[in-house]
Amino acid sequence: MVRGLLSFGSVMLAAGLALSAGFHVSGRVDLLGVFRAMPEIDAAFQRGFRSDAISRINRVRIPGGVDEVSGDESLQAYLESFVQVHPEPSSLELDEVFDALQTRFPGAQYLAANLVTSRNREDLLGKIGGWIAVANPEFDAINTTVFRSGGRLGALAVMSRRIPEFSLHAANEKGGRFHNRCPHCKVIHALELDRDSRTLILSCPHCELPFDVLAVDISGEIRRANDFFEGFTLPGEPVSEEGSDEDRILALWQRIATHCTYELDQARPSGQEGEVREVWKRPSETWHEATGDCEDTAILLADVLVGAGFDARVAIGWNGNIGQHAWVVVKTAERQYLLEATLQEEVTRDDLVELGEGTDFYRPEQLFDKERIYYTTASPESFGRDYFSESLWKAVPVPPAGELSQR
Ligand SMILES: [Zn+2]
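Reference entry: report on the structure contained in this document.

1. What about the sheet that holds strand β10 (residues 222-224)?
Strands in a sheet are paired, the pairing made by backbone hydrogen bonds, and the direction either parallel or antiparallel.
And then number 1: The antiparallel open sheet is built from 3 strands, whose spatial order is β8-β9-β10. The open sheet has two edge strands, β8 (199-203) and β10, and neither has a second partner. Neighbour-to-neighbour, the strand axes of the sheet open up by a mean angle of 30 degrees, direction not taken into account.
And then number 2: Bridge count for strand β9 (residues 210-216) against β10 is 3 bridges, and the pairing is antiparallel. What sits directly across from L214, in β10, is R224.

2. Digging into the sheet that holds strand β17 (residues 362-368)
And then number 1: Taken together, the 7 strands give an open sheet; going across it, the order is β16-β15-β14-β13-β17-β18-β19, and neighbouring strands pair in antiparallel fashion. What marks the edges here is a single partner per strand, and that holds for β16 (353-354) and β19 (394-395).
And then number 2: Two strands pair when backbone bridges link them, and strand β15 (residues 336-339) and β16 are joined in this way by 2 bridges, in the antiparallel orientation. Each bridged residue has a counterpart across the sheet, and for Y337 the counterpart in β16 is E354.

3. Describing the packing of helix α8 (residues 245-259) against helix α10 (residues 294-307)
And then number 1: At their nearest, the axes of α8 and α10 sit 10 Å apart, and the two run at 145 degrees to each other. Between α8 and α10 lies a crossing whose hand is right-handed. In contact with I249, L252, W253 and I256 of α8, α10 contributes T297, L300, L301, V304 and L305.
And then number 2: Here the contact of α8 with α10 is built from residues that sort into 8 nonpolar, 1 polar and no charged.

Criteria and thresholds
- Residues numbered from 1 in each chain as written.
- Predicted model: local features only at pLDDT ≥ 70, side-chain atom pairs only at ≥ 80, totals over all residues.
- Pairing = 2+ DSSP bridges.
- Helix = DSSP H or I, 4+ residues; strand = E, 2+ residues; numbered from the N terminus.
- Axes fitted to C-alpha atoms, helices over the stretch in contact; angles between N-to-C directions.
- Left-handed = near helix turned anticlockwise from the far one by under 90°.
- Contact = placed C-beta atoms within 7 Å.
- Nonpolar A, V, L, I, M, F, W, Y, C, P; charged D, E, K, R; others polar.

On their own, these measurements won't tell you what the molecule is for.
So this is what it looks like as structure tokens:
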């Protein structure tokens, strides 16, 4: 398994850019300005000013081959109200502006702000048009708000680009960069998915805890690990309810081991020529193809065990002998067993290994079942022999419905 996460440690700001452009307020008494008739700064004035600023900036961008900017309506409305309630807009600190915008718009990952004053509208537009940030391709929007500053006009201009909130739908739709609120520490971070990875273990760059496990299915869609459980039932006669838990687990496992051969994804015919696509299969797909690699047979076996009433989980992590790996753990009333789901043909009572010293070379990092993803902060000595205790394995919190459309 390859970790596909590229995370960005902190919110990116183009603050240096903005500050270098300066905060232009003249200390000189502007006698001329005092006597000049000041325009009425109403909504129509703000709209007209921004529209002129957009045209001016695009005249800089287009010849340079940079995408045009437009306005961002909700950011604009917020900016106007933010400046209106400020007692002295011309002395606004740009950091205050960034903080306010990022609190209100968590997806505003790129921001540059500039505060300029001038005696007249035209000159104000000229100052904004000459700002170095306007040619920066990272931005896709410009918003401005004009205010009165003594006898002068002031303008706060904000260049921005917002990145969408992370959801599986958005990730499958367009990929790229997203923002997400960590369910553990609640801090918002940026994330980018690498679709070429088989397993995407998403971790928060702030608290470093994993918050999601995703994988690409055979149709190329990114899915949550839990969604690969499908309640699959093995064809044929149901396993007898008579024997012990161990007998029933072995009987189900035996069917899978005799039916499926171990095969890496690399051996599978791939979509495009020369392309090797690492994918996860659903239990019915693994069964139907009668082949799978470690996570495919692990998911099939765990799904079938859950269907038979057992508490079973798929573990992903490391195996001392083979590297990154997936396997199954199942709990009976008395014991916890580790099932090496890549075993083929005959499985016997000896293959049903109770968790203990003999399984220490399996190092689980995350577990999942149909509902939840589990993580641990305990030491390997303790969690390696117990895959079910709530004190060792915590479920990733699910955000309340509506808070973020993550789930
Ligand atoms: Zn966090």
